[in-house]
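So the chains spell out like this:
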Amino acid sequence: MAKIIDGKEFAKAFDEKLINKIENLYLKGIMPTIGILRVGENPGDLAYERGAVNKANKLGIKVEKYICENDISMEDLIAVIKSINENDEIHGLLMLRPLPPHIDEDLVRNQLDFRKDLDCITDLSLANVFTGAEGGFPPCTAEACIELLKHYNIEIVGKNCLVIGRSTVIGKPVAMMLLKENGTVTICHSRTPKDILIEMCKKADIVIVAAGKRAIFTKEMAHKNQVVIDVGINVNDEGKLCGDVDYKEVEPIVAAITPVPGGVGSVTTSMLMSHLITE
Ligand code: NAP
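Residues numbered from 1 in each chain as written. Predicted model: local features only at pLDDT ≥ 70, side-chain atom pairs only at ≥ 80, totals over all residues. Heavy atoms only, no water.

(A) How the structure looks around the site of the ligand. Taken together, 19 residues lie around the ligand, and Arg166, Ser167, Ser190, Ile233 and Thr268 are the ones closest in. Here Ser190 contributes a side-chain N or O atom positioned 2.5 Å from an oxygen atom of the ligand. Partitioned by chemical class, the residues of the shell around the ligand number eight nonpolar, nine polar and two charged. (Near = heavy atom within 4 Å. Polar contact = N/O pair within 3.5 Å; in protein donor to acceptor, adjacent residues only side chain to side chain. Nonpolar A, V, L, I, M, F, W, Y, C, P; charged D, E, K, R; others polar.)

Next up, the structure:
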C-alpha cells in the first residue's frame, strides 16, 4: 500500500498560513484582490473560475471579474489587460485560456505586467523559471507538484526524476523546477517509444505524469520505491474524474502516490492565491 500524498490535507494547512498573512495585510489597510479575465463561456474556464472564486472567498481575497464576449477584438482585449496593469487595486490576474482562435494568444498574454502574472502566462515569467532568475511566479500546477514533494519530505536531490509530458504549462516548467531542486531529470513525450517509456519509468524514483491521457502510467512502469505525482485530469467510463495513472493497479505497488481527485488539483488554487500575498 502506497503512502497517499493528500493534496486536500496539504492545501488546508497551506491556506491557514495564507489566512494569517492576509489578516496582516488587512491590518495595513490592504485588501488583496485578484482579477479574473475570461473570454466567452468555455465550460473548462467556468469550472476553473468557480474553483478560484471559491478559494478566494474562503481566504478573504477580493475578486474582480473581467468577462468579455467571445468575439471581443484583440485591441479591446489588450486594452482590458492594460487597464488591469495600471490598476493598483488589482494585485494579480488569472487569465483563463485558451483564448478564441481569432485572438493572437502569444501577443495578448505578453501584454500582462509580469509582476501581476499569477500563473506564469508571460514569456518573461517563463524565462525566469528556465533561467532560475528571481521575479515572477512559476505555473501554479507545476509549483503544486514541487510543494507536495517537499511537504511530504520526498528527497529530490540527485534522484532520478521523470516527467511525462512536455507542455509549456506543466511538463517543461516542472522539469526545470525539479532540476533547480537538483533532481536528475528526464522528459518523455508522445514520440517516446513505449518500450523506452517503460524503461525510463522503471528507473525513475519520482514520476510526474502530465500527459492528459487516462491510464497511461500502468503497473509495468511502477516499482516499490517510486513516488508518482499524477497531474492528469480526465473522465473515466463512469463519468468520474480520473488522472493519467491507472491508480487501482499502481497504488498497491509504489511507495507514494497522489490521488485524482484530491491530489495536485486540490493544491493549484492555493498556489495561485499565494502569488497575490507576497509580503
Ligand atoms: P497538453 O498540452 O496536451 O500536453 C500533454 C503532453 O503529454 C504533451 O507534451 C504530449 O506530448 C504528452 N503526451 C501525450 N500523450 C502521450 C503519451 N502517450 N506518452 C507520453 N507523452 C504523451 O496537456 P497539459 O496542459 O500539459 O496538461 C496535462 C494534463 O494535466 C491534462 O490532463 C490536464 O487536464 C491536466 N491539468 C491538471 C491541472 C491540475 O491542476 N491538476 C492543471 C492543468 C492541467 P507531445 O508534446 O509530443 O504532444
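Further notes follow.
(B) Just the sheet that holds strand S7 (residues 206-209), in detail. One open sheet accounts for six strands, arranged S1-S11-S8-S7-S5-S6; its pairing is parallel. Unpaired on one side and paired on the other, strand S1 (3-4) and strand S6 (184-188) mark the two borders of the sheet. Pairing geometry for strand S5 (residues 160-164) and S7, over four bridges, is parallel. Note that in S7 the partner of Ile164 across the bridge is Val209. Against the sheet, helix H7 (residues 171-180) contacts S5, S6 and S7, and its axis sits at roughly 170 degrees relative to S5. Along the sheet face, helix H8 (residues 194-203) touches S5 and S6 and points at about 140 degrees away from the line of S5. (Pairing = 2+ DSSP bridges. Helix = DSSP H or I, 4+ residues; strand = E, 2+ residues; numbered from the N terminus. Contact = heavy atoms within 4.5 Å. Axes fitted to C-alpha atoms, helices over the stretch in contact; angles between N-to-C directions.)

(C) Molecular detail of the domain arrangement of the protein. Taken as a whole, the protein is organised into domain 1 (29-117) and domain 2 (140-265). Distance between the C-alpha centres of domain 1 and domain 2: 29 Å. (Domains from an automatic or database assignment.)

(D) The nonpolar core, seen in detail. Within the largest apolar cluster, 51 residues are counted, with the highest numbers of intra-cluster contacts made by Ile61, Leu149, Ile208 and Met273. Apart from residues no more than four positions distant in its own chain, Met273 is found in contact with Leu18, Ile34, Ala52, Lys55, Ala56, Leu59 and Ile61. Listed in part, the 19 residues of the second largest apolar core include Ile72, Met74, Ile81 and Leu93. (Core = buried A, V, L, I, M, F, W, Y, C linked by side-chain atoms within 4.5 Å. Buried < 20%, exposed > 50% of the residue type's maximum accessible area, 1.4 Å probe, protein only.)

(E) Geometry of the sheet that holds strand S3 (residues 62-68). Sheet architecture is open: three strands sit in the order S3-S2-S4, paired in parallel fashion. Unpaired on one side and paired on the other, S3 and strand S4 (92-95) mark the two borders of the sheet. With strand direction ignored, the average angle separating the axes of adjacent strands in the sheet is 20 degrees. Strand direction decides the pairing type here: strand S2 (residues 33-39) and S4, joined by four bridges, are parallel. Residue pairing for S4: Ile34 is matched across the bridge by Gly92.

(F) Broad picture of the environment of Leu27. On the secondary structure map, Leu27 appears in helix H1 (residues 7-27). Judged by its relative accessible area of 73%, Leu27 is exposed. In sequence terms Leu27 and Lys62 are 35 residues apart; their C-alpha atoms lie 15 Å from each other.

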